[in-house]
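# A structural walkthrough
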Amino acid sequence: MNKAIGTSCIMLLTLSAASAGPFRWAPASALSATGGCQPYSFDWPGAIAVDQLDDIYIANGLDQSAVQILTPDGSLRTILNRYPDWTKRTPQLSLGYYGLNLAVDSAGHLYLAVKSRGTVEKLDANGTFTVVAGKPGDRRLVDGSASQARLDAPGALAVDNDGIIYVADTQVIREIRPDKSIITLAGNPRVPNPNPRVPYYADGRGMHVHFMSPNGMVSDGHGSVYVADGYDGGGDDPPSFIGLVRKITPGGTVETVAGSTDVPNGDFDGPEANGVLSDPLSIAIDPAGAIYMAEPLGGDNGDGAIRKIGTNGELSTVLQAADNYPNTEVHRPSSVAIDSKGVVFVVDDLGNLHESWLHRIIKGQVETLCENRSIK
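Residues numbered from 1 in each chain as written. Predicted model: local features only at pLDDT ≥ 70, side-chain atom pairs only at ≥ 80, totals over all residues. Heavy atoms only, no water.

### Things to note about the overall build of the protein
Summing up its helical and strand segments, the protein has zero helices and 29 strands in all. Burial statistics for the protein: of 376 residues in total, 55% are counted as buried. For the protein, long-range pairs separated by at least 24 residues make up 45% of all intrachain contacts whose partners lie at least 6 apart in sequence. Here the protein has roughly 15,600 Å² of accessible surface; of this, 49% comes from carbon and sulfur atoms. (Helix = DSSP H or I, 4+ residues; strand = E, 2+ residues; numbered from the N terminus. Buried < 20%, exposed > 50% of the residue type's maximum accessible area, 1.4 Å probe, protein only. Contact = heavy atoms within 4.5 Å. Areas by Shrake-Rupley, 256 points an atom, 1.4 Å probe, with all protein chains shown as cover.)

Next comes the structure, spelled out in structure tokens:
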């Protein structure tokens with residue numbers, strides 16, 4: 001196992017809740033419920049994306065009902081807020097708007113998979129939201145034209161250079177074409193796992209493919225899409241976490257390129273054929289072609305980790321949760337994204353403990369940009 005990278009400059013990022021304003025840097029310190037990163041401006045972060053201008057988008061808040069943008073010049077603004085009252089942290093459930101996943105295309109448009117609405121939505125450069133696919137509230141798996149097609153529970157998504165949107169919809173991968181029609185690219189919803197307590201997957205094409213739980217997706221810019229495919233134990237106690245990296249080629253073939261179902265709760269480094277993953281939730285690719293994954297739970301050596309598949313095919317551990325919490329570098333990372341310079345950003349969240357972090361990794365060094373501990 002490779003050792004975690006050492007921390008250099010631990011910093012605290014102070015935000016102004018639900019408003020625009022500059023970042024203010026200060027030495028890291030313990031936070032109260034009302035100081036520093038406000039609990040209602042950086043609480044329960046669950047997804048992250050970076051555009052071509054290196055703007056950072058974070059799906060934030062209880063059940064990810066809000067989206068904020070952090071720009072390279074250090075400004076923050078909220079671009080989507082479905083909380084009628086930030087002080088109560090209660091999402092506006094009447095809108096059915098929660099459970100967001102994010103992706104950005106090459107033109108800088110932000111796409112949101114809204115699981116609760118059964119939609120994929122788009123925020124364009126003018127700040128206008130539109131529904132790209134699906135019909136709010138009509139959640140079904142239906143292929144067809146823009147007017148006919150429906151999404152059921154869209155989660156992870158990715159956008160390629162041709163404007164095609166790939167979205168994980170339950171256990172299948174759907175393809176949303178530029179004309180907004182939808183096809184099921186891989187997977188068969190009518191063939192569920194015959195034994196939910198045993199991990200089952202199948203490579204191949206079309207309806208012969210089976211995914212366990214596609215949690216993260218990313219386009220490599222060359223026509224292929226990588227999928228973080230996980231298994232959370234199917235109700236086992238204790239749970240058995242298993243993870244795979246699946247590749248969808250330009251021809252539509254699905255192949256497994258990393259991970260194994262033979263070793264639950266493992267996080268072993270090594271060549272692709274020998275490396276073991278533990279239920280990755282997010283996946284990203286750096287400019288050199290290396291693949292990064294966020295694993296929040298289940299590894300033998302800690303609760304969470306950032307893993308990497310190098311361009312040589314070697315699986316390694318970049319960051320690893322340690323036993324000396326809360327002074328470790330990573331806890332339960334839920335999402336990872338990479339900017340145009342190869343800087344890795346990590347959203348790290350302890351969920352119901354209301355403890356959240358935003359880290360970045362630059363040239364092998366880790367900095368904590370934002371730290372919110374609303375419960376000590």
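Don't stop here, the text continues.
### What to know about the pattern of salt bridges
Applying the stated criterion to the full structure yields eleven salt bridges. We note a salt bridge from Glu-121 to Arg-117, for which the minimum N-O separation is 2.8 Å. Among the residues examined, Arg-117 registers a relative accessible area of 17% and is labelled buried. Among the ionic pairs, Arg-140 bridges to Asp-138, the shortest N-O distance being 2.9 Å. (Salt bridge = Lys/Arg side-chain N within 4 Å of Asp/Glu carboxyl O.)

### Some remarks on the pairing of strand 28 (residues 355-362)
Of all eight residues in strand 28, six are buried; the element is thus mostly enclosed. Direction of pairing for strand 27 (residues 344-349) relative to strand 28: antiparallel, over a ladder of six bridges. Directly across from Val-347, in strand 28, lies its bridge partner Leu-358. (Pairing = 2+ DSSP bridges.)

### A word on the environment of Asp-143
Relative to the helices and strands, Asp-143 is located in the loop between strand 11 (129-133) and strand 12 (154-159). Under the relative-accessibility criterion, Asp-143 is labelled partly exposed at 36%. Sequence-distant contacts of Asp-143, defined by excluding residues within four places in its chain, comprise Ala-149, Arg-174, Ile-182, Ile-183 and Thr-184. Within the structure, Asp-143 has its side chain in polar contact with the side chain of Arg-174 (distance 2.9 Å). (Polar contact = N/O pair within 3.5 Å; in protein donor to acceptor, adjacent residues only side chain to side chain.)

### Focus: the sheet that holds strand 11
With antiparallel pairing, four strands are arranged side by side in an open sheet as 8-9-10-11. The open sheet has two free edges, formed respectively by strand 8 (100-104) and strand 11, since each of these has just one partner strand. Going from strand to strand, the sheet's axes swing by 30° on average, the running direction of each strand aside. Where strand 8 meets strand 9 (residues 110-114), five bridges bridge the pair, whose relative direction is antiparallel. Each residue of the ladder has a partner; that of Leu-100, found in strand 9, is Val-114. (Axes fitted to C-alpha atoms, helices over the stretch in contact; angles between N-to-C directions.)

### Considerations on unusual backbone geometry
With a phi angle near 70°, Asp-54 is a residue other than glycine that sits in the positive phi range. Position of Asp-54 among the secondary structure elements: in the loop between strand 4 (47-50) and strand 5 (56-60). Taking the relative accessible area as the measure of exposure, Asp-54 reaches 10% and is therefore buried. Of note, the phi angle at Thr-170 is positive, near 60°, even though the residue is not glycine. Among the structural elements, Thr-170 can be located in the loop between strand 13 (165-169) and strand 14 (172-176). For Thr-170, a relative accessible area of 42% translates into the label partly exposed.

### Some thoughts on the sheet that holds strand 19 (residues 242-248)
Here five strands make up an open sheet; going across it, the order is 16-20-19-18-17 and the pairing antiparallel. The open sheet has two free edges, formed respectively by strand 16 (204-205) and strand 17 (214-219), since each of these has just one partner strand. Direction of pairing for strand 19 relative to strand 20 (residues 253-259): antiparallel, over a ladder of five bridges. What sits directly across from Leu-244, in strand 20, is Gly-259.

### Looking at the pairing of strand 4
Burial of strand 4 is two-sided: the residues Ala-47 and Ala-49 facing one way and the residues Ile-48 and Val-50 facing the other way are all buried. Across four bridges, the pairing between strand 4 and strand 5 is antiparallel. For Ala-47, the partnering residue across the bridge sits in strand 5 and is Ala-59. Count of turn residues in the strand 4/strand 5 antiparallel hairpin: five residues, of which Asp-54 carries a positive phi of about 70°.

### Quick word on the environment of Phe-211
Tracing the backbone shows Phe-211 in the loop between strand 16 and strand 17. Of the residues examined, Phe-211 reaches a relative accessible area of 0% and is grouped as buried. Counting along the chain gives 22 residues from Phe-211 to Pro-189, while the straight-line C-alpha distance between them is 9.9 Å. Excluding its chain neighbours within four sequence positions, the residues that come into contact with Phe-211 are Gln-171, Ile-173, Ala-186, Gly-187, Val-227, Asp-229, Arg-246 and Val-254.

### Things to note about the confidence of the model for the protein
Predicted confidence across the protein gives a mean pLDDT of 77, with 73% of residues reaching 70 or more. In this model residues 89-94 is a low-confidence stretch, pLDDT under 50, and it forms 17 contacts with partners more than four residues away in sequence or in other chains. (pLDDT = per-residue confidence, 0-100.)

### Overview of the environment of Gly-204
Counting through the fold element by element, Gly-204 comes out in strand 16. Note on Gly-204: relative accessible area 21%, which makes it partly exposed. When the C-alpha atoms of Gly-204 and Val-254 are compared, they prove to be 5.3 Å apart, with 50 residues separating the residues in sequence. Leaving out residues up to four positions away in the same chain, Gly-204 has contacts with Val-209, Gly-252, Thr-253 and Val-254.

### Structural notes on the side chain of Arg-150
Along the polypeptide, Arg-150 turns up in the loop between strand 11 and strand 12. Note on Arg-150: relative accessible area 10%, which makes it buried. In this structure Arg-150 touches Gly-134, Lys-135, Asp-138, Arg-140, Leu-141, Val-142 and Arg-174, once residues within four positions along its chain are discounted.

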